[in-house]
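What follows is each chain in one-letter form.
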Amino acid sequence: MINQKTAVLIFANSSETEGINKRFSFGYDLFDTLNDHTIKTVEKTGLPYFRFSEKDQIGNCFGDRFTNAIQSLMDMGFENVITVGNDTPSLSKKHILEAVAGLENSEIVLGPSRDGGFYLMGLNSSQFNSEVFKNFPWQTLNLNNSIENYFSNKQNVEIKKLETLVDIDCLGDLKSLQEKINQFSASLKKALIQLLFSTSHNFLVYIFHFFQVERTPIFNKGSPCYSSH
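These notes cover the structure that comes with them.

Cut-offs and rules
All residue numbers here refer to positions counted from 1 along the written sequence of the relevant chain. Predicted model: local features are reported for residues with pLDDT of at least 70 only, side-chain atom pairs are reported and counted for 80 or more only, and whole-chain, interface and lining totals are derived from all residues. With hydrogens and water stripped out, all remaining heavy atoms of the structure feed into the side-chain values. Helix and strand assignments come from DSSP, with helices taken as H or I runs of at least 4 residues and strands as E runs of at least 2, each series counted from the N terminus. Surface exposure here means Shrake-Rupley accessible area, sampled with a 1.4 Å probe, where a residue is shielded only by the protein chains that are shown. Paired strands, as defined in this entry, are two strands with at least two bridges between them according to DSSP. Axis definition: a line fit to C-alpha positions, over the contact stretch in the case of helices; interaxial angles, taken between N-to-C directions, run 0 to 180 degrees. The contact rule is simple, with two residues in contact once any of their heavy atoms fall within 4.5 Å. The term polar contact refers here to a pair of N or O atoms within 3.5 Å; inside protein, the definition further demands a hydrogen-donor-capable atom paired with an acceptor-capable atom, and it admits residues adjacent in sequence only when both atoms are side-chain atoms. Two aromatic rings from Phe, Tyr or Trp, using only the six-membered ring of Trp, form a pair when their centres are within 6.5 Å; if the ring planes differ by under 30 degrees the pair is stacked, by over 60 it is edge-to-face, and anything between is tilted. In this scheme, a residue with accessible area under 20% of its type's maximum is buried, one over 50% is exposed, and one in between is partly exposed, where area comes from a 1.4 Å probe on protein chains only. Only buried residues count toward a nonpolar core, which is a set of Ala, Val, Leu, Ile, Met, Phe, Trp, Tyr and Cys residues joined through side-chain atoms within 4.5 Å. Definition used for salt bridges: Asp or Glu carboxyl oxygen within 4 Å of a side-chain nitrogen of Lys or Arg.

A closer look at the overall build of the protein chain
When helices and strands are counted, the protein chain shows nine helices and six strands. Looking at the protein chain as shown, the accessible area adds up to about 11200 Å², and 48% of this sits on carbon and sulfur atoms.

Right, here's the structure in full:
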């Protein structure tokens, strides 16, 4: 049964904008594939979802745009909103359903990313204060600590933490995913390798050797480095 009181917010720019913001010269294919991966992952949950790209976002800075997007879903009548981005290849249906379970227990849910931010946040409308959210230190290493301090100490809300994942903000993040690359879909695997090929010949040689050892064909299958706002 679809949980109609909970919606997923995919807060994700277009592949063109992501490539520019994250300074990937050849990042279009990767972020196009990641957008598709994120949507398919969310669809598997059966939850209603809404994607806010740069064309839908309202505000002068990231904090304003993100907060306004959450507010939009709550204004539609959803009690719970689970937010995800498009830059976490390891995001799965399991993570989103764990967030649903946490929200049922009146918890706020955070899926921490390795760079100090988060790849998922789940919250109830009673926990959401737009003015407070706009003033969190978005796109900084202190984001998770600030959010945890606010909810744990000031609001006395229990925080449910999911496993820590790697999101892609710069080339170093791509290289850190090398050990998990066989877990990804064929299209995502291909996009990751193509981007690495365009930026690091030596790393491609390593990946090619890795796949040869694993006897897995690769070419026949189809934070942090932040922008200012």
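A closer look at the sheet that holds strand S2 (residues 49–52)
With respect to topology, six strands assemble into an open sheet ordered S2-S1-S3-S5-S4-S6, the strand pairing being mixed. Of all strands in the sheet, those with a lone pairing partner are S2 and strand S6 (159–161), marking the two edges. Along the sheet, successive strands turn relative to each other by an average axial angle of 15 degrees, direction set aside. Of the pairings in the sheet, the one linking strand S1 (residues 6–11) to strand S3 (residues 80–84) comprises five bridges and is parallel in character. Counted as the bridge partner of leucine 9 is threonine 83 from S3. Along the sheet, helix H4 (residues 93–104) makes contact with S1, S3, strand S4 (108–112), strand S5 (118–124) and S6, crossing S5 at roughly 30 degrees. Here helix H6 (residues 143–154) sits on the sheet and contacts S4, S5 and S6; the angle it forms with S4, its principal contact strand, is near 165 degrees.

Describing the side chain of asparagine 35
Within the fold, asparagine 35 resides in helix H2 (residues 28–43). At a separation of 2.8 Å, a polar atom in the side chain of asparagine 35 contacts the side chain of asparagine 86. Setting aside residues up to four positions removed in sequence, asparagine 35 forms contacts with Ala12, Asn13, Ser14, Ser15, Arg51 and Asn86.

So, the packing of aromatic side chains
Taken as a whole, this structure holds 15 aromatic pairs when the rule is applied. Between phenylalanine 136 and tryptophan 138, the aromatic rings sit 6.0 Å apart at their centres with planes inclined by 80 degrees, giving edge-to-face as the arrangement. Per residue, the accessibility class of phenylalanine 136 equals that of tryptophan 138, and both read buried. Put simply, the rings of Phe11, Phe62, Phe66, Phe118, Phe128, Phe133, Phe136, Trp138, Tyr150 and Phe151 pair up and form one aromatic cluster.

Thoughts on the nonpolar core
Of all hydrophobic cores here, the largest spans 26 residues; its most connected members are Leu9, Phe118, Phe133, Ile147 and Phe151. When contributions to this core are tallied by element, the ones reaching two or more residues are S1, helix H3 (62–75), S4, S5 and H6. Here this core takes five residues from H3, the largest share from any one element. With 17 residues, the next largest nonpolar core counts Ile10, Val42, Ile96 and Tyr119 among its residues.

A look at the pattern of salt bridges
On inspection of all chains with the given rule, the structure shows four salt bridges. When the shortest N-O distance is used, the salt bridge between lysine 5 and glutamate 104 registers 3.6 Å. Of this pair, lysine 5 sits in the segment before S1 while glutamate 104 sits in helix H4, and the two are 99 residues apart along the sequence. Its relative accessible area of 44% is what places glutamate 104 among the partly exposed residues. A salt bridge links glutamate 148 to lysine 161, with the nearest nitrogen and oxygen atoms 2.8 Å apart. Taken together, the residues span a long stretch of sequence, with glutamate 148 in helix H6 and lysine 161 in strand S6 at a distance of 13 residues.

Some thoughts on the environment of serine 152
Locating serine 152 in the fold gives a position in helix H6. Residue classification places serine 152 among the partly exposed positions, given a relative accessible area of 33%. Among all residues touching serine 152, those that are not within four sequence positions of it are Val157 and Ile159.

Remarks on the pairing of S5
Burial runs high along S5: seven of the seven residues are buried. Relative to S5, S3 runs antiparallel, the two sharing five bridges. Counted as the bridge partner of threonine 83 is methionine 121 from S5. Taking the residues between adjacent antiparallel strands as the criterion, S4 and S5 are bridged by five residues, where glycine 116 takes a positive phi near 105 degrees.

Honestly, that's just the spatial picture; any functional story needs more than this.
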